[in-house]
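Listed below, chain by chain, are the residues.
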Amino acid sequence: MATVDVKSFGRVAVLYGGISAEREVSLRSGAAVLAALQTAGVDAFGIDVQADIVRRISAEKIDRAFIVLHGRGGEDGTIQGLLEWAGIPYTGSKVLASALAMDKLRTKQVWSSLGIPTPQHSVLSSVEDCAAAAEKLGFPLIVKPAQEGSSIGMAKVNNLQELEQAWQAARHYDRNVLVEQWITGPEFTIAMLDGEILPPIRLGTNREFYDYEAKYLADDTQYQIPCGLSPEREQELKELTRQACETLGVTGWGRADVMQDEQGNFWLLEVNTTPGMTDHSLVPMAAKAHGLNFSQLVLTVLASSMKG
Ligand SMILES: Nc1ncnc2c1ncn2[C@@H]1O[C@H](COP(=O)(O)OP(=O)(O)OP(=O)(O)O)[C@@H](O)[C@H]1O
Ligand SMILES: C[C@@H](N)C(=O)O
Ligand SMILES: [Mg+2]
Ligand SMILES: [Mg+2]
């Protein structure tokens, strides 16, 4: 990592918290990022993003923003648009890529249209859709609110009754709900940092899938890095991640989630444009394997905001 003069960042607002279902995660990510920036000597302060954010942005002296909001209202292009209007440079993806990547349905439509592998899916808007999806895709399936994160509102289902219940539950989070073919096999997550693809991590959990509990609370979640793939397959996975990011326009940093099926094929699930930065999170682990400690990671993300 090139040495940076931390004073050149000016006064940095760390935008965290927010009002999405992932607020608690963002509070943890934000606290870690803010502490690391301040320890590194950056003139950083925090803003817990609430309804008065437009006033706060105008009232404070802000040279640059570090966005560490997860979910809607922060990772979806809305904050990015506000910062564009205010003329404040910010970390991570711009408006369009943020909005696209936050929406799993639109993301899948883009990838599918370009021949990039993502599990088959259907949209659920009614009980009739549930029956049609079961007919088309078979079981098991996984139900997801289109615009959520941290596995919130998601469920694996094995029959039509479970599918209808999971659809009803997911609707509480987002009226746009999708259901995907279940991929049986190992899971990988791959970070992109300032255009570079970091070492993939293989995830293991004793739970049904990598759910909220496995992500933030469990002590028995397994993180394998190096990920155990052959060098050729690891390279393929990294190339797929690069394509996943480029096709959505993701810049600065991000993290792609990928399943591998029993035949060894990779299937892209999503890209997170503001990945978690908690003490259980994955980008810090990948950065460490790449030779960057947490402080160097946040400074690299911040420095990438200077590239415009
Ligand atoms: N099609 C699938 N087949 C099997 N498991 C899946 C599938 N889709 C998702 N999962 C499981 O559910 C988890 C969460 O899915 P996904 O990454 O799409 O949602 P998310 O809530 O946006 O996650 P994040 O916390 O990374 O933002 C995955 O990490 C994986 O364990
Ligand atoms: C914060 C969570 N959506 C992640 O991707 O890490
Ligand atoms: Mg996500
Ligand atoms: Mg994910």
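So, how was this worked out
- Residues numbered from 1 in each chain as written.
- Chains lettered and ligands numbered in written order.
- Predicted model: local features only at pLDDT ≥ 70, side-chain atom pairs only at ≥ 80, totals over all residues.
- Heavy atoms only, no water.
- UniProt positions renumbered as here; feature names shortened; annotations may be inferred.
- Helix = DSSP H or I, 4+ residues; strand = E, 2+ residues; numbered from the N terminus.
- Buried < 20%, exposed > 50% of the residue type's maximum accessible area, 1.4 Å probe, protein only.
- Polar contact = N/O pair within 3.5 Å; in protein donor to acceptor, adjacent residues only side chain to side chain.
- Contact = heavy atoms within 4.5 Å.
- Near = heavy atom within 4 Å.
- Areas by Shrake-Rupley, 256 points an atom, 1.4 Å probe, with all protein chains shown as cover.
- Nonpolar A, V, L, I, M, F, W, Y, C, P; charged D, E, K, R; others polar.
- Pairing = 2+ DSSP bridges.
- Axes fitted to C-alpha atoms, helices over the stretch in contact; angles between N-to-C directions.

(A) Representation of the UniProt feature "binding site: Mg(2+) 1" (unreviewed entry) in the protein chain in the model. Mapped onto this structure's residue numbering, the UniProt feature "binding site: Mg(2+) 1" (unreviewed entry) falls at Asp257 and Glu270. For aspartate 257, the location among the structural elements is in strand E12 (residues 253-260). The exposure class assigned to aspartate 257 is buried, which follows from its relative accessible area of 7%. Among the polar contacts made by the side chain of aspartate 257, one reaches the side chain of arginine 255 at a distance of 3.2 Å. If you trace the backbone, glutamate 270 turns up in strand E13 (residues 266-272). Residue classification places glutamate 270 among the buried positions, given a relative accessible area of 12%. Residue contacts for glutamate 270: discarding those within four places in its chain leaves Lys104, Trp111, Arg255, Ala256 and Asp257.

(B) Focus on the site of ligand 2. Around ligand 2 sit Glu22, His70, Ser150, Tyr216, Arg255, Asn272, Pro275 and Gly276, and that is every residue in its neighbourhood. Within the side chain of arginine 255, one N or O atom sits 2.8 Å away from an oxygen atom of ligand 2. Between ligand 2 and glycine 276 there is a distance of 2.8 Å, counted from an oxygen atom to a backbone nitrogen or oxygen. Burial of ligand 2 by the surrounding chains reaches 92%, relative to a free accessible area of 220 Å².

(C) Fine view of the site of ligand 1. Near ligand 1 you find 23 residues, and of these Lys104, Ser150, Ser151, Glu187 and Lys215 are the closest. Note that an oxygen atom of ligand 1 is positioned 2.9 Å from one of the side-chain N or O atoms of glutamate 270. Going through the elements one at a time, strand E5 (141-145), strand E7 (177-181), E12 and E13 are the ones with two or more residues in the shell around ligand 1. Here the shell around ligand 1 is composed, by residue class, of nine nonpolar, five polar and nine charged.

(D) View of the pairing of E5. Summarising burial for E5: five of the five residues are buried, a large majority. Burial along E5 is two-sided: Leu141, Val143 and Pro145 and Ile142 and Lys144, pointing in opposite directions, are all buried. By the bridge criterion, three bridges tie E5 to strand E6 (residues 155-157) in an arrangement that is antiparallel. Within the sheet, the bridge partner assigned to valine 143 lies in E6 and is alanine 155.

(E) Representation of the sheet that holds strand E1 (residues 11-16) within the structure. Spatial ordering of the open sheet is given by E2-E1-E3, a layout of three strands whose pairing is parallel. On the outer flanks of this sheet lie strand E2 (43-48) and strand E3 (64-67), each paired with one strand and no other. Put simply, the sheet's adjacent strands are angled 30° from each other on average, direction ignored. In this structure, E1 lies alongside E3, joined through four bridges in parallel fashion. In the sheet register, valine 14 faces E3, and the bridge partner there is phenylalanine 66. Seen against the sheet, helix H3 (residues 78-86) touches E1 and E3 and runs at an angle of roughly 175° to E3.

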